[in-house]
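Breakdown of the fold
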Amino acid sequence: MNIYDDLWNKILKDLEYIYSEEVYNEIFAPIKSTHKFQNGLIFIIVESEFIKNRISRMYMPKINELATKHFDQAVRFKFVTAQDLISEDSPKDRVLTINTYRPGNLNNAYSFDNFVVGKSNTFAFRMAMKVADQPGVVANPFYIFGDVGLGKTHLMQAIGNYILDNDVNQRVLYVKADGFIEDFTNLLRKEKMDDFNHKYRDIDVLLVDDIQIMAGANRTQMEFFKLFDYLYLNNKQIIITSDKPASELKNIMSRLTSRFEAGLTVDIQVPDLDHRLTILKRKLSSFDPNNDVSDDVLEFIASSFVTNIREMEGALIRLLSYASACNLDITLDVAYEALDPLLKTKKRSNNLNENNYDKIQSVVSEFYNISLQDLIGKKRHSKYTLPRHIAMYLIKLKYNIPYKTIGTLFSDRDHSTVLAACEKIENELRQDANLKIAVDTIVKKVDA
Ligand SMILES: Nc1ncnc2c1ncn2[C@@H]1O[C@H](COP(=O)(O)OP(=O)(O)OP(=O)(O)O)[C@@H](O)[C@H]1O
């Protein structure tokens, strides 16, 4: 076996561990060996155009990352069909595959490949792939919204990285909205608007993160409006993220929000428990593929950090560092110990933000004399279901968060279960005076 076959076999082992059985068997298992090594590229022949495209679209960054891990020379893989080999020597292709430079503020770490897809983000992910496949054609602008830390930047940057992976000549520029404001005001003050225009107009793809930050910055918005129209009219792809739908943006001029609404809007919701667990496992294996953390510890983290993946990831990193610094095995007790300060801070900030879902849950469980576990758990006796439905209803009433998000606070129930519960309580309150008294009492205790 030559060294490249040996490298490929090592990569295969990792891929088998990282991806599902179906993906592995369909895509990777049939590839038994490499074809040749030329100009820093290891050529592998795959059986169809379809497999070749799937690999380059979804798995190239991971394969190249594993190549770096297992091999001390800079090599890259190139997947080709037998047909491609006939015209393999296109110099353009070679540049594409070996190029690892990321201009335009793109972060290599964000790819489609390491974005875990679940119910909460499937539509956003699929449309992002389409936009990346045909920039400027499928959806322009492409507007992604969702709560803090749920993967908007990751998805947006994955589009940019994908576009560059496929054509190194594409000029992709990522900017956070505050960076845009800063650039505009600085260059305006220095009378260097030509530099500004060169930076923002001579591009093919513009990614603007957290557009809500532009609220109130009227001169910047005017300039952004001009830029938007210029890029749009030249069929350049514009991608925007925000913490809310365009229609709910405050202090952003309506000529901008109406343009955002004219494109395609997708949202990212809070992932359910299984999805969060898969994300945690993928993060863990990307930090260290050999690190073995038991499922109960991962479940503890995934169920303690529900609404923000960044926080959940931070908790995992903290636990790994804590265990390694104190030379401890990672057990559930060690996890409690390591994460206790984070959980306390979270609780305090929940109180400060008045996003106090816990309080509603604890007041309701106390009122009905059942445990908190039974309130949020799966038992179906009416002794538990009525209080559970009331708690869901009150959280919706007080915070108006999505039904799906409320479901995650009750053992990952789905959107329709929570919706049905809220409607049921709303109807019963109209007919049942005793229930109304009970709910009013609970509300007073929650507000106390
Ligand atoms: N589906 C996912 N799969 C893998 N990682 C994810 C996923 N969703 C979020 N993450 C990770 O969570 C972290 C936070 O994500 P990101 O920065 O994209 O969130 P955001 O929605 O842009 O947040 P903000 O509103 O604060 O800008 C990142 O490390 C990202 O990789």
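An unreviewed UniProt entry annotates the protein as Chromosomal replication initiator protein DnaA of Alteracholeplasma palmae. Under the Subunit (unreviewed entry) heading, UniProt states for the protein: "Oligomerizes as a right-handed, spiral filament on DNA at oriC."

**Considerations on the site of the ligand**
In the region of the ligand, 19 residues are neighbours, and V116, K152, T153, H154 and E313 sit closest. L150 places a polar main-chain atom, nitrogen or oxygen, 3.1 Å from an oxygen atom of the ligand. G151 has a polar backbone atom sitting 3.1 Å from an oxygen atom of the ligand. Look at the ligand: alone it shows 640 Å² of surface, and the protein chains cover 92% of it. When contributions to the shell around the ligand are tallied by element, the ones reaching two or more residues are α7 (152-166), α12 (273-287) and α14 (309-325). Three or more residues apiece are contributed to the shell around the ligand by two domains, here domain 2 (102-267) and domain 3 (273-349).

**Quick notes on the UniProt feature "binding site: ATP" (unreviewed entry) in the protein**
Per the UniProt record, "binding site: ATP" (unreviewed entry) is found at G149, G151, K152 and T153. Relative to the elements of secondary structure, G149 occurs in the loop between β4 (142-146) and α7. Here G149 is in contact with N308, I309 and R310, once residues within four sequence places are set aside. The residue G151 is located in the loop between β4 and α7 in this model.

**Some points on the sheet that holds strand β3 (residues 76-80)**
Pairing is mixed in the open sheet, where three strands are placed in the order β1-β2-β3. One side of each edge strand has no neighbouring strand; the edge strands of this open sheet are β1 (36-38) and β3. The mean inter-strand angle of the sheet, taken between neighbouring strand axes irrespective of direction, is 30°. The pairing of β1 with strand β2 (residues 41-45) spans three bridges and is antiparallel. The residue bridging F37 from the neighbouring strand is I42, located in β2. Set on the sheet, helix α1 (residues 3-18) makes contact with β1, β2 and β3; between it and β3 the angle comes to about 90°.

**Quick look at helix α3 (residues 49-70)**
Between its terminal C-alpha atoms α3 stretches only 27 Å, short of the 32 Å expected from 22 residues at 1.5 Å a residue. A bend of about 75° at Y59 is the largest found in α3, and the proline P61 appears one to four places after it. All buried positions along α3 are accounted for by I51, K52, I55, M58, Y59, M60, K62, I63, N64, L66 and A67.

**Some details on the packing of aromatic side chains**
By the definition in use, this model includes 21 aromatic pairs. Between F180 and F196 the ring centres are 5.5 Å apart and the planes differ by 65°, which places this aromatic pair in the edge-to-face class. In this pair, F180 sits in helix α8 (residues 177-189) while F196 sits in helix α9 (residues 193-201), placing the two residues 16 residues apart along the sequence. Assigned by exposure class, F180 and F196 land together as buried. Members of the aromatic cluster, connected to one another through ring pairs, are Y143, F180, F184, F196, Y200, F224, F228, Y232 and F260. Geometry around F225 places R255 over its ring, the cationic atom sitting 4.8 Å from the centre. The side chain of K396 reaches across the aromatic face of Y403, ending 4.3 Å from its centre.

**Section: the pairing of strand β7 (residues 237-242)**
Burial analysis of β7 places six of its six residues in the buried class, the great majority of the element. Neither face of β7 is exposed, since Q237, I239 and T241 on one face and I238, I240 and S242 on the opposite face are all buried. Alignment of β4 against β7, held across four bridges, turns out to be parallel. The residue bridging Y143 from the neighbouring strand is I240, located in β7. In this sheet, β7 lies alongside strand β6 (residues 205-209) in parallel orientation, the contact comprising four bridges. In the sheet register, V208 faces β7, and the bridge partner there is I240. Assessed by its sense of winding, the connection that carries the chain from β6 through helix α10 (residues 218-233) to β7 is right-handed.

**Points about the pairing of β2**
Most of β2 sits inside the fold, with four of its five residues counted as buried. Alignment of β2 against β3, held across five bridges, turns out to be parallel. Bridged to L41 within β3 is R76.

Criteria and thresholds
- Residues numbered from 1 in each chain as written.
- Predicted model: local features only at pLDDT ≥ 70, side-chain atom pairs only at ≥ 80, totals over all residues.
- Heavy atoms only, no water.
- UniProt positions renumbered as here; feature names shortened; annotations may be inferred.
- Near = heavy atom within 4 Å.
- Polar contact = N/O pair within 3.5 Å; in protein donor to acceptor, adjacent residues only side chain to side chain.
- Areas by Shrake-Rupley, 256 points an atom, 1.4 Å probe, with all protein chains shown as cover.
- Helix = DSSP H or I, 4+ residues; strand = E, 2+ residues; numbered from the N terminus.
- Domains from an automatic or database assignment.
- Contact = heavy atoms within 4.5 Å.
- Pairing = 2+ DSSP bridges.
- Axes fitted to C-alpha atoms, helices over the stretch in contact; angles between N-to-C directions.
- Expected span 1.5 Å × (residues − 1).
- Bend = angle between axes of the 7 residues up to and from the residue.
- Buried < 20%, exposed > 50% of the residue type's maximum accessible area, 1.4 Å probe, protein only.
- Phe/Tyr/Trp six-rings, centres within 6.5 Å; stacked < 30°, edge-to-face > 60°.
- Lys NZ or Arg CZ within 6 Å of the ring centre and 35° of its normal.
- Right-handed = clockwise from strand over helix to strand, strands pointing away.

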